[in-house]
Structures are given as C-alpha cells and as structure tokens.
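What follows is each chain in one-letter form.
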Amino acid sequence: MEKLDITDPGLPVVDIEVFEKTRATMGAGFIKIITYFGEDGGKAVAEIEAAQREGNAARMVMPAHTMKSEARQFGAMTLGELTERIEMGARRCVEHQEAPDELLVLVARLKPLFRRTMEVLERETNPLVQRRGEVRTAAGNQSFGRI
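This text gives an overview of the structure that appears in the document. (Residues numbered from 1 in each chain as written. Predicted model: local features only at pLDDT ≥ 70, side-chain atom pairs only at ≥ 80, totals over all residues. Heavy atoms only, no water.)

This part is about the packing of helix H2 (residues 30-54) against helix H3 (residues 58-73). Between H2 and H3, the shortest axis-to-axis distance is 9 Å and the interhelical angle comes to 150°. The angle between H2 and H3 falls in the class roughly antiparallel. Both H2 and H3 take part in a crossing whose hand is left-handed. Two secondary-structure elements touch here, H2 through Phe 37, Gly 41, Ala 44, Val 45, Glu 47, Ile 48, Ala 50, Ala 51, Gln 52 and Glu 54 and H3 through Arg 59, Met 60, Pro 63, Ala 64, Met 67, Glu 70 and Ala 71. (Axes fitted to C-alpha atoms, helices over the stretch in contact; angles between N-to-C directions. Helix = DSSP H or I, 4+ residues; strand = E, 2+ residues; numbered from the N terminus. Parallel < 35°, antiparallel > 145°, perpendicular 65-115°, else oblique. Left-handed = near helix turned anticlockwise from the far one by under 90°. Contact = heavy atoms within 4.5 Å.)

The structure is reproduced here in structure tokens:
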C-alpha cells in the first residue's frame, strides 16, 4: 500500500469508492456499524493518548491496530495511515524498550483527524443532511471530506 502524506491539507479524509463499496456490502447495518466505529474509535483515541502520556508504547499497539483496520474498512485512509504509523512506531518502541516520545506528533494529530473523519462519515450517512458539494474529483477519483 502506498504511503500517504498525512500532512497534505488537500488529502481527502474519506475515499468515496471504498466508503460506497462498504456501505453496499453491509447494507442496512451500515449506519449502526458507523456508530460503533465512532464509539470504539473514541475509546481507542483516549487509550492511545493515555498511553502516550504514560510513556507506555505497548498499550498503544492494540487500539492503533484496531482503529487502522476499521478506518480503512470505511475508506478513512488518512486515519488508517496515521494509526498504522502509530502502531508500527509503538511496536518498534516495545522491541527496543524505549518510551514512545517519537510518536508524540502523530498522537497529537489523532484526535482532530478522528473527529473530522467522524463528521464526514456521519454527514454522509445522515439522510436528513443536505450535501453541499463535498464530493470532488481528483485525477479521476471521487473523494470527499477534505482534512
């Protein structure tokens, strides 16, 4: 998988093709699963932040791993990339028996990106919300919800 430049302000928060494929696959349960992702993701963010404050890299691995997989399932590739970097960095810190100080910048980006991702996912699944041109085409790919 190609590494994303997660600092690129033009990078879409959600890949529409992946999002729509997942929505079609999950059918009626999709909205409920998005809700669970929001709840579980909020807990994962809090867990990762607490582990960072404690200098406990081992405690970061599982919530980052879980969030990475779930985010990518919904097309939240930027969030998936960020959490993969946190997970891999935390694993490296565990192996070398080091504090996760090097991950501070990534962990600091996590909560705002997660919130923005959830705003986009919730808006796109809410039938009462009027869409306002969030969908854009970049190099032939449709994406929505810019960072």
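Resuming the write-up.
The contact between H2 and helix H5 (residues 104-125) brings their axes to 10 Å, and the two run at 165°. As judged from the angle between their axes, H2 and H5 are roughly antiparallel. Like other packed secondary-structure pairs, H2 and H5 cross with a definite hand, here left-handed. Of H5, the residues touching H2 (which contributes Phe 30, Ile 31, Ile 34, Phe 37, Gly 38, Gly 41, Gly 42, Val 45, Ile 48, Glu 49 and Gln 52) are Leu 104, Val 107, Leu 110, Lys 111, Phe 114, Met 118, Leu 121 and Thr 125. The residue inventory of the contact of H2 with H5, partitioned by class, reads 12 nonpolar, 5 polar and 2 charged. (Nonpolar A, V, L, I, M, F, W, Y, C, P; charged D, E, K, R; others polar.)

Scanning the entire structure with this criterion turns up 4 aromatic pairs. Aromatic side chains Phe 19 and Phe 30 sit 5.4 Å apart centroid to centroid with 75° between the ring planes, which places their arrangement in the edge-to-face category. Separated by 11 residues along the polypeptide, Phe 19 in helix H1 (residues 16-26) and Phe 30 in helix H2 bring together distant segments of the chain. Given a relative accessible area of 0%, Phe 19 falls into the buried group. Centroid distance Phe 30 to Phe 74: 5.8 Å. Interplanar angle 65°. Geometry classified as edge-to-face. Of this pair, Phe 30 sits in helix H2 while Phe 74 is found in the loop between H3 and helix H4 (77-96), placing the two residues 44 residues apart along the sequence. The class for Phe 30 is buried, based on a relative accessible area of 2%. (Phe/Tyr/Trp six-rings, centres within 6.5 Å; stacked < 30°, edge-to-face > 60°. Buried < 20%, exposed > 50% of the residue type's maximum accessible area, 1.4 Å probe, protein only.)

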